[in-house]
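# Summary of the model geometry
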Amino acid sequence: MKKLSLDWWAVIAALALVVLVKTVNLSVGW
Amino acid sequence: MSEAVAIQRPAVALPWRFVRLLPGIALLFAIGYAGKLAETLVKDYGKAHHLALPNIEYVLWAILIGLVISNTAGVAQIFRPGIATYDFWLKAGIVLLGARFLLGDVLKLGGVSLGLVVIEIGVAIAIMTVLGRWFKLKPKLTSLLAVGSSICGVSAIIAAKGAIEADDDDAAFAIAAILALGAFGLFAYPAIGHFLHMSEHAFGVWAGLAVDNTAEAAAAGAIYSDTAGKVAVLTKSTRNAMIGFVVLAYAVYWASKGQAKTVQGKAAFLWQKFPKFVLGFLFVSLLATFQTFDKAQIASLANLSRWAFLLTFAGVGLKTDFREIRRQGARPFVVGALAELTVTAVTLGLVLAAAAIFNL
């Protein structure tokens, strides 16, 4: 399998967080 | 040889590769968080003692702390792999930032930015090439500095380095110069912006156009205001999207001189160099446009993006090493600085004109 670039890993990680926020209402403060 | 390495790797290497990132990531977090605390402490101290202290954003604190560490004590080897992840946090942060943009705004602002970006790239390459000849720099170092100053600093230099087969030393210098010039810009640009009473949008576009490293462009914008930071990232991402075209042009140029491999399959080359996180950003922005998220969810995504940027900004300071510049001598740095100054002035003029025409 071709190695994924850093860009793709960043997109995958961010989208995983988007899914968490959307589905389990993950709440993050600042 | 490579097969033997591949066979040995999987069992031990993968968990170890993650573990060795942890000290550096912890350091990024500690510095970023210290920056956040410093901002709050200064603000609270000013309030308690009725002093009008300047509001120094956590962004600048985090970068300053990182700069001091990397240029005095230095960064121990154990932290280096984790610190290198700052680029990952930057890109993840940009994708998450998409939640704060509606696609219509992206297209409007992106369209204006694209026009300005094309002019900026042309100006930056022309200036850097002329200065490189005047100061008799090595031609490939000039090419790297031109790509770095016209597009996106570090990633563009790395992309171009492979494509034009430049020396490691030249690339290390070009990266150090771009980061150091950007670090200077972090102090100068917001001051100029305030002096000229620039709007948040106009300043964001200017930061995105003039600051070369994506993390520093985001930082310069965020130092000015939250909205300016958002706009700076969008403008810079538009600029980053042009990376393939510029690197391809240089690769074709050096190949025509017989000093680099000929590029086979130009469309594939463009796709390979295209920054994929821009697609992630557009996708999340598309989700936000179709009201996939409620208000609280958008706030959470925006905060996640801020946390990712916090790690990024700490990394920017830690990666900027002024000693690298001393190693190569002042001449290439002066060329870079002169080119940056010109690009800064030209882009400022462009943005002020665009702000008047498009009401930025």
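Since the model is a prediction, treat every value here as computed from it, not as a measurement.

The rules behind each value
- Residues numbered from 1 in each chain as written.
- Chains lettered and ligands numbered in written order.
- Predicted model: local features only at pLDDT ≥ 70, side-chain atom pairs only at ≥ 80, totals over all residues.
- Helix = DSSP H or I, 4+ residues; strand = E, 2+ residues; numbered from the N terminus.
- Buried ≥ 20, exposed ≤ 12 C-beta atoms within 10 Å, placed from the backbone.
- Rg over C-alpha atoms; globule rule 2.2 N^0.38 Å.
- Contact = placed C-beta atoms within 7 Å.
- Nonpolar A, V, L, I, M, F, W, Y, C, P; charged D, E, K, R; others polar.
- Core = buried A, V, L, I, M, F, W, Y, C linked by C-beta atoms within 7 Å.
- Expected span 1.5 Å × (residues − 1).
- pLDDT = per-residue confidence, 0-100.
- Axes fitted to C-alpha atoms, helices over the stretch in contact; angles between N-to-C directions.
- Left-handed = near helix turned anticlockwise from the far one by under 90°.

Across its full length, chain A holds one helix and zero strands. Each principal axis of the C-alpha distribution contributes one length, and for chain A these read about 35 × 20 × 5 Å. Among the 30 residues that make up chain A, the fraction classed as buried is 23%.

Helix and strand counts for chain B stand at 18 helices and zero strands. Its C-alpha atoms give chain B a radius of gyration of 20 Å, within 12% of the compact-globule value 21 Å for 360 residues. When its C-alpha atoms are laid out on the principal axes, chain B stretches across 65 × 55 × 45 Å. A total of 360 residues make up chain B; the buried ones form 50% of that total. Considering only contacts within chain B whose residues lie at least 6 apart along the sequence, 80% involve residues at least 24 apart.

Contacts between the two partners involve 21 residues from chain B and, on the opposite side, 19 residues from chain A. The biggest single contributor to the side of chain B that touches chain A is helix H16 (residues 295–319) of chain B, with seven residues. Partitioned by chemical class, the residues of the side of chain B that touches chain A number 12 nonpolar, five polar and four charged.

This next bit is on unusual backbone geometry. Positive phi outside glycine occurs at A:Asn25, with the angle close to 50°. One can find A:Asn25 in the segment after helix H1 (6–23). We classify A:Asn25 as exposed; it has 11 C-beta atoms within 10 Å. The backbone of B:His197 shows a phi angle near 50°, a positive value even though the residue is not glycine.

With that out of the way, let us pick up the nonpolar core. Of all hydrophobic cores here, the largest spans 115 residues; its most connected members are B:Ala62, B:Ile63, B:Val95, B:Leu96, B:Ala207, B:Ala219 and B:Phe313. Residues within four places of B:Ala62 in sequence aside, it is in contact with B:Ile31, B:Gly32, B:Gly35, B:Leu310, B:Phe313, B:Ala314 and B:Gly317.

With 18 residues, H1(A) extends 26 Å from end C-alpha to end C-alpha; this agrees with the ideal 26 Å at 1.5 Å per step. Contacts made by the buried residues of H1(A) are with helix H5 (86–97), helix H15 (277–289) and H16 of chain B. Taken from the residues just after H1(A), A:Asn25 is the one with a positive phi, measuring 50°.

On to the confidence of the model for chain B. Residue and element names in this part refer to chain B. Here chain B averages 83 in pLDDT, and 90% of its residues register 70 or above. Helix H4 (residues 80–83) holds the highest mean pLDDT among the elements of chain B, 93, whereas helix H1 (residues 2–19) holds the lowest, 59. Our summary of model confidence lists the complex with pTM equal to 0.81 and ipTM equal to 0.95.

A word on the environment of B:Ala330. Secondary-structure assignment places B:Ala330 in helix H18 (residues 330–358). Between the C-alpha atoms of B:Ala330 and B:Ala202, which are 128 residues apart in sequence, the distance is 33 Å.

This part takes up the packing of helix H6 (residues 103–134) of chain B against helix H10 (residues 200–210) of chain B. Residues and elements named next belong to chain B. The geometry of H6 relative to H10 is characterised by a closest axis approach of 10 Å and an angle of 35° between their N-to-C directions. Handedness of the crossing formed by H6 with H10: right-handed. Here Ser 113, Leu 116, Val 117 and Glu 120 of H6 lie close against H10, whose contacting residues are Val 205, Gly 208 and Leu 209. Partitioned by chemical class, the residues of the contact of H6 with H10 number four nonpolar, two polar and one charged.

Counting through the fold element by element, B:Ala356 comes out in helix H18. B:Ala356 sits 108 residues away from B:Leu248 along the chain, and the two C-alpha atoms are 34 Å apart.

A few words on helix H12 (residues 226–240) of chain B. Taking 1.5 Å of rise per residue, 15 residues should cover 21 Å, and H12(B) covers 21 Å from first to last C-alpha, within 8% of that figure. Extensive coverage of H12(B) is indicated by the burial of 13 of its 15 residues.

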